[in-house]
Amino acid sequence: MEKRLDVGSNEPVIDIQGLTKSFGSVHALSGLDLRVTSGEVHGFLGPNGAGKSTTIRILLGLVRRDGGKISVWRHDPWDDAVLLHQRMAYVPGDVVLWPNLTGGEAIDVLSRARGGGDRERQRELIDLFELDPSKRGATYSKGNRQKVAIIAALASHADLLVLDEPTSGLDPLMEAIFVRCIEEERAAGRTVLLSSHTLAQVERLCDRISIVRNGRTVETGSLTQLRHLTRSNIRVRTRHEPQLDGIPGIHDVQHTALGELQLSVDAAQLDNVTGLLHAAGIESLIIQPPTLEELFLSHYGNGEQSRNGGQSGNGEQSGKHGDLA
């Protein structure tokens, strides 16, 4: 019986439970969990060596898992890679193209591999990303090679975009265009798995994020749900000195030259601290919620990489590389 994809199912698009993978004595994945629902942009975060690229390679059917469960639209990516790739598009962080094909020809080849693409959309994206499609792949800079893969993915009929550091090598203007395009894809109902070290990009785009460390998912949820993991920054001017001595959850207290008080406060103590500030007579108050960068650093500021001198601890390459040729 011929297998078919049910991309309209209410089941998760990507469902990974307890995924494990070792390369010899090195444990790349040690029980990783990841669930991506239809129509969401899901951020996949972690330092080099955390297990992200290994997970993506298993997801694409390029590497076989050792243990755990993984499905894409309820299909095993190792057994049904050809079927799944008809509705998936992948952009790696270091694109390698056919050296003798032009950029336009490479886009056509990649589109045909995914069941064809939208020619009008291709032309729009080529203009938008300012790509010269007549040049051969061997002459392209890294940024232009990335543009070829991005254009081919966005102009495809794929329902799932798997993006592993896709804007690596792009200048800030092109990154901004990429962000705008992904916002349009989300509005159109496409599902996106985005691995990126550009935290501002993830913060703007992603509906939910998963943070990976040492081959395991350590946190997952919306950014709002994860803000409890770090501190809010407060800048305040009061009529009287607030009585904050001995109060737990307060950090980095400083008095500025402008007569303001700066401090950071754990989420659990925020209500108590603002009450004490109110009692001191608030004249001005700014409370900034934690950024994704602060959330990320709260997990990795003293992480394995600093202890290991920056070496990967699980067998992953420190760079992102993907062959499209």
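Here, the structure is the one placed above.
Residues numbered from 1 in each chain as written. Predicted model: local features only at pLDDT ≥ 70, side-chain atom pairs only at ≥ 80, totals over all residues. Heavy atoms only, no water.

Caption draft 1: Examining helix H5 (residues 142–154) more closely. In a regular helix each residue adds 1.5 Å, so 13 residues correspond to 18 Å; H5 covers 18 Å between its end C-alpha atoms and thus fits that length. The element H5 is extensively covered by neighbouring structure, given that eleven of its 13 residues are classed as buried. Within H5 the residues assigned to the buried category are Gly143, Asn144, Gln146, Lys147, Val148, Ala149, Ile150, Ile151, Ala152, Ala153 and Leu154. (Helix = DSSP H or I, 4+ residues; strand = E, 2+ residues; numbered from the N terminus. Expected span 1.5 Å × (residues − 1). Buried < 20%, exposed > 50% of the residue type's maximum accessible area, 1.4 Å probe, protein only.)

Caption draft 2: Seen up close, the sheet that holds strand E3 (residues 41–45). Read from one edge to the other, the open sheet built from six strands follows the order E5-E7-E8-E3-E9-E10, with strand pairing classed as mixed. Looking at strand neighbours, the two that pair on one side only are strand E5 (88–91) and strand E10 (216–221), the edges of this open sheet. Direction aside, neighbouring strands of the sheet carry axes that sit 15° apart on average. Here strand E9 (residues 208–213) pairs with E10 via five bridges, running antiparallel. Counterpart to Ile209 in the pairing with E10 is Gly221. Seen against the sheet, H5 touches E5 and strand E7 (160–164) and runs at an angle of roughly 165° to E5. (Pairing = 2+ DSSP bridges. Axes fitted to C-alpha atoms, helices over the stretch in contact; angles between N-to-C directions. Contact = heavy atoms within 4.5 Å.)

Caption draft 3: Layout of the packing of H5 against helix H6 (residues 172–187). For the pair H5 and H6, the least separation of the axes is 12 Å and the interaxial angle reads 15°. Between H5 and H6, the crossing angle belongs to the class labelled roughly parallel. Crossing of H5 against H6: the hand is left-handed. Contacts between H5 and H6 involve Lys147, Ile150 and Leu154 on the former and, on the latter, Met174, Phe178, Cys181, Ile182 and Glu185. Of the residues in the contact of H5 with H6, the class split is six nonpolar, no polar and two charged. (Parallel < 35°, antiparallel > 145°, perpendicular 65-115°, else oblique. Left-handed = near helix turned anticlockwise from the far one by under 90°. Nonpolar A, V, L, I, M, F, W, Y, C, P; charged D, E, K, R; others polar.)

Caption draft 4: Spotlight on the packing of helix H4 (residues 119–128) against H6. Interaxial distance between H4 and H6 falls to 11 Å at its minimum, and their mutual angle equals 150°. Relative to H6, the element H4 lies roughly antiparallel. The segment H4 lies against H6, with Arg121, Leu125 and Leu128 engaging Met174, Ile177, Arg180, Cys181, Glu184 and Glu185. For the contact of H4 with H6, a count of residues per class yields five nonpolar, no polar and four charged.

Caption draft 5: Structural view of a nonpolar patch on the surface. Residues Ile282, Leu285 and Ile287 make up a contiguous nonpolar surface patch of roughly 200 Å² in combined accessible area. Structurally, the position occupied by Leu285 is in strand E14 (residues 282–288). (Patch = residues over 30% accessible without salt bridge, like charges linked within 9 Å, V, L, I, M, F, W, Y side chains within 5 Å. Areas by Shrake-Rupley, 256 points an atom, 1.4 Å probe, with all protein chains shown as cover. Salt bridge = Lys/Arg side-chain N within 4 Å of Asp/Glu carboxyl O.)

Caption draft 6: Spatial organisation of the packing of aromatic side chains. Under the criterion given, the structure shown has zero aromatic pairs. Here the guanidinium or amino end of Lys21 rests over the ring plane of Phe23, the centre of that ring lying 5.4 Å away. (Phe/Tyr/Trp six-rings, centres within 6.5 Å; stacked < 30°, edge-to-face > 60°. Lys NZ or Arg CZ within 6 Å of the ring centre and 35° of its normal.)

Caption draft 7: Inspection of the pairing of E3 at higher detail. Taking burial as the measure, the five residues of E3 include five buried ones, the bulk of the element. Of the strand pairs in this sheet, E3 and strand E8 (residues 191–195) are connected by four bridges, and their pairing is parallel. Note that in E8 the partner of Gly43 across the bridge is Leu194. Across four bridges, E3 lies against E9 in parallel orientation. Each residue of the ladder has a partner; that of Leu45, found in E9, is Ile211.

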